[in-house]
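# Summary of structural features
One letter stands for each residue in the lines below.
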Amino acid sequence: MTDLPRRRLAPMDAIEFSIAAAFRHFFFGIGLALSWLVLLSPLIVLAWYLAFRNGMPDLKALPPAAMAGLAALGLGVLLATFSIAVNWHRRVLLGETPRRLQWVRLDGVMWRYLFGFLLILLVLGLYAGAAFGITTFAAPALEPQLGPAAKPLGIAIAVLIGLSAMFSFYRLSSWHAALAVGDRDYTLKTAWRATKKNRMAYLGFTFWLLFTLAIAGAIGAGAFFAQQNLPQPWVKPAAFGVMALLAWLAMFLVTSVAAGHYAQFGKKSEG
């Protein structure tokens, strides 16, 4: 295990890293999506034939064959999501271009990345359970002693738990990116140590991330209202094209967050 020193996250550097990655590797992301679209095309056709060939079905009364087809497609999309995320991280951090079947990577690296995601999800679930327990059970139980102050106190504690969950997510995300690039030295313990005392930096990063996404959302909203109010025939396809482009860039920007954190925290000591 590599013993990395504690470092300070530079929020602006991290958000700029994610934005630059989303633009710089835009066509690479399209290539990853198209590769999986080709692979999943039989399942897409099967799901359409079993469930949608006669129009939108009653989802509460789907026949077993249609349910099985949709479940198979859902599983395929889930695997595609993790495979694309791994290849994206490796491209952003290592400059790697997949060869042949690695465009639809389903190797050990991808499975470790998936299990790492499940671990992070479990940790976040524990935080969510604690916040739910405080607001649903603990706060009402304390009302006889605390009176009207019990509910706002419970909400305040739940907010603090939510912030702790966010900080933990960021700290674990750098390790998650390390799984994608196969850095076995940057373990979970190493990541936890290297990312200590960065709460204010994480808050700053969250602000800039939300600010960036809000700008994209505002441009998308402007495009949506433009296609509703302008009569020219070219406005509608142009507006939906802009919205699709913004959604695509936002998706890979968010995917690059973990890579940006790993790029700062995963550096080896000098000398």
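Scope of this entry: the structure provided in the associated data block. As the structure is a computational prediction, the values presented were derived from the model and not from experiment.

## A short note on the overall build of the chain
Summing up its helical and strand segments, the chain has ten helices and zero strands in all. The linear arrangement of helices and strands in the chain, starting from the amino end, is α-α-α-α-α-α-α-α-α-α. For the chain, the spread of C-alpha atoms along the three principal axes comes to 60 × 60 × 45 Å. When the 271 residues of the chain are sorted by exposure, 37% land in the buried category. Looking at the chain as shown, the accessible area adds up to about 15,500 Å², and 72% of this sits on carbon and sulfur atoms. The distance from the centre of the 23 positive side-chain charges to the centre of the 10 negative ones in the chain is 1 Å.

## Looking at helix α6 (residues 150-181)
With 32 residues, α6 extends 47 Å between its outermost C-alpha atoms, agreeing within 8% with the 46 Å of an ideal straight helix rising 1.5 Å per residue. Helix geometry: α6 is bent most strongly at Ser173, by close to 25°. Following α6 by one or two positions, Gly182 adopts a phi angle in the positive range, close to 75°.

## Some words on the packing of helix α2 (residues 26-52) against helix α9 (residues 235-255)
Packing of α2 against α9 brings their axes to within 11 Å, and their N-to-C directions diverge by 90°. As summarised for this structure, α2 and α9 are arranged roughly perpendicular, according to the angle between their axes. Where α2 approaches α9, its residues Phe26, Gly29, Ile30 and Ala33 are matched on the opposing element by Leu245, Trp248, Leu249 and Phe252. Of the residues belonging to the contact of α2 with α9, the class tally is seven nonpolar, one polar and no charged.

## A few points about the nonpolar core
Membership of the largest hydrophobic core comes to 48 residues, with the highest contact counts inside it found for Leu9, Trp36, Tyr186, Phe205 and Leu209. It is α6 that provides the largest number of residues to this core, a total of nine residues. Beyond its immediate chain neighbours, meaning those up to four positions away, Leu209 contacts Ile15, Tyr170, Leu253 and Val257.

## Considering the packing of aromatic side chains
If you walk through the whole model with that rule in mind, you get 17 aromatic pairs. Between Phe224 and Phe225 the ring centres are 5.6 Å apart and the planes differ by 75°, which places this aromatic pair in the edge-to-face class. Using a relative accessible area of 32% as the deciding quantity, one classes Phe224 as partly exposed. Its guanidinium or amino end placed over the ring of Phe28, Arg91 lies 4.6 Å from that ring's centre, counting from NZ or CZ. Across the ring face of Trp192, the terminal group of Arg171 is positioned such that the distance to the ring centre comes to 3.7 Å.

## Considering unusual backbone geometry
Backbone geometry places Arg100, a non-glycine residue, at a positive phi of 50°. In this structure, Lys197 is a non-glycine residue whose phi angle is positive, near 55°. One can find Lys197 in the loop between α7 (188-194) and α8 (199-229). Owing to a relative accessible area of 55%, Lys197 belongs among the exposed residues under this scheme.

Cut-offs applied
- Residues numbered from 1 in each chain as written.
- Predicted model: local features only at pLDDT ≥ 70, side-chain atom pairs only at ≥ 80, totals over all residues.
- Heavy atoms only, no water.
- Helix = DSSP H or I, 4+ residues; strand = E, 2+ residues; numbered from the N terminus.
- Buried < 20%, exposed > 50% of the residue type's maximum accessible area, 1.4 Å probe, protein only.
- Areas by Shrake-Rupley, 256 points an atom, 1.4 Å probe, with all protein chains shown as cover.
- Lys, Arg positive; Asp, Glu negative; His and termini not counted.
- Charge placed at Lys NZ, Arg CZ, Asp CG, Glu CD.
- Expected span 1.5 Å × (residues − 1).
- Bend = angle between axes of the 7 residues up to and from the residue.
- Axes fitted to C-alpha atoms, helices over the stretch in contact; angles between N-to-C directions.
- Parallel < 35°, antiparallel > 145°, perpendicular 65-115°, else oblique.
- Contact = heavy atoms within 4.5 Å.
- Nonpolar A, V, L, I, M, F, W, Y, C, P; charged D, E, K, R; others polar.
- Core = buried A, V, L, I, M, F, W, Y, C linked by side-chain atoms within 4.5 Å.
- Phe/Tyr/Trp six-rings, centres within 6.5 Å; stacked < 30°, edge-to-face > 60°.
- Lys NZ or Arg CZ within 6 Å of the ring centre and 35° of its normal.

On their own, these measurements won't tell you what the molecule is for.
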